[in-house]
Amino acid sequence: MKEKEAIIALRDAQLKKGHRVSTRKTYRHWLCRYVNGATDGEWSDLQGFLDNLTSVQRVNPKTVKQALNAMVFFYKNALNQDPGTLNVPKVNKNRNTPT
């Protein structure tokens, strides 16, 4: 599926669910990152996308969860497919808190 087709399918599903504008923008952002990375060969599936976010890009765990929610919504509501079992990679939370 091309990026433009995916965005249209996502938009239609979000309008049916009544998502707010901010949610629609956020989910579209994650969909574009997923589709662009998949076409560039950085990953081949959703699990690879999540692994890339945690291990290579080292994003915040809450950000990974947001990306996961966006992509699961896309798969279930726009594509009518089951995304399958996903293992969300754990991120080490042992960060030094400034004192």
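Structure first, text after, so check above.
Just so you know, these numbers come straight off a predicted model, no measurement behind them.

Asker: Looking at this structure, I do not really get the nonpolar core. What am I missing?
Answerer: General note: in soluble globular proteins, nonpolar side chains tend to be found buried as a group. Ranked by internal contacts, the top residues of the largest apolar core, which has 24 residues, are Phe 49, Leu 53, Met 71 and Phe 74. Counting residues per element, the ones that place at least two in this core are α1 (3-17), α2 (21-39), α3 (46-56) and α4 (61-78). With nine residues, α4 is the largest single contributor of residues to this core.

Asker: For this particular structure, what's the right way to read the packing of α3 against α4?
Answerer: The description of two helices packed together rests on the angle between their axes and the distance between the axes. Where α3 meets α4, the closest approach of the two axes is 10 Å, and the angle between their N-to-C directions is 165°. Taken together, the axis directions place α3 and α4 in an arrangement best described as roughly antiparallel. Here α3 runs over α4; the crossing is right-handed. From α3, Leu 46, Phe 49, Leu 50, Leu 53 and Thr 54 reach across to α4, where they touch Val 64, Ala 67, Leu 68, Met 71 and Tyr 75. By residue class, the composition of the contact of α3 with α4 is nine nonpolar, one polar and no charged.

Asker: Sorry, what's going on with the packing of aromatic side chains here?
Answerer: What characterises a pair of aromatic rings is the spacing of the ring centres plus the angle enclosed by the ring planes. Across all of its chains, the model carries five aromatic pairs by this definition. Summarising the aromatic geometry, the rings of Tyr 34 and Phe 49 are spaced 5.4 Å apart at their centres and angled 75° between planes, so their arrangement reads as edge-to-face. With Tyr 34 in helix α2 and Phe 49 in helix α3, this residue pair connects regions lying 15 residues apart in the sequence. Summarising the burial analysis for this pair, Tyr 34 and Phe 49 share the class buried. These aromatic residues form a ring-pair network of at least three members: Trp 30, Tyr 34, Phe 49, Phe 74 and Tyr 75.

The rules we used
- Residues numbered from 1 in each chain as written.
- Predicted model: local features only at pLDDT ≥ 70, side-chain atom pairs only at ≥ 80, totals over all residues.
- Heavy atoms only, no water.
- Core = buried A, V, L, I, M, F, W, Y, C linked by side-chain atoms within 4.5 Å.
- Buried < 20%, exposed > 50% of the residue type's maximum accessible area, 1.4 Å probe, protein only.
- Helix = DSSP H or I, 4+ residues; strand = E, 2+ residues; numbered from the N terminus.
- Axes fitted to C-alpha atoms, helices over the stretch in contact; angles between N-to-C directions.
- Parallel < 35°, antiparallel > 145°, perpendicular 65-115°, else oblique.
- Left-handed = near helix turned anticlockwise from the far one by under 90°.
- Contact = heavy atoms within 4.5 Å.
- Nonpolar A, V, L, I, M, F, W, Y, C, P; charged D, E, K, R; others polar.
- Phe/Tyr/Trp six-rings, centres within 6.5 Å; stacked < 30°, edge-to-face > 60°.

Keep in mind that these numbers describe shape and distance, not what the molecule does.
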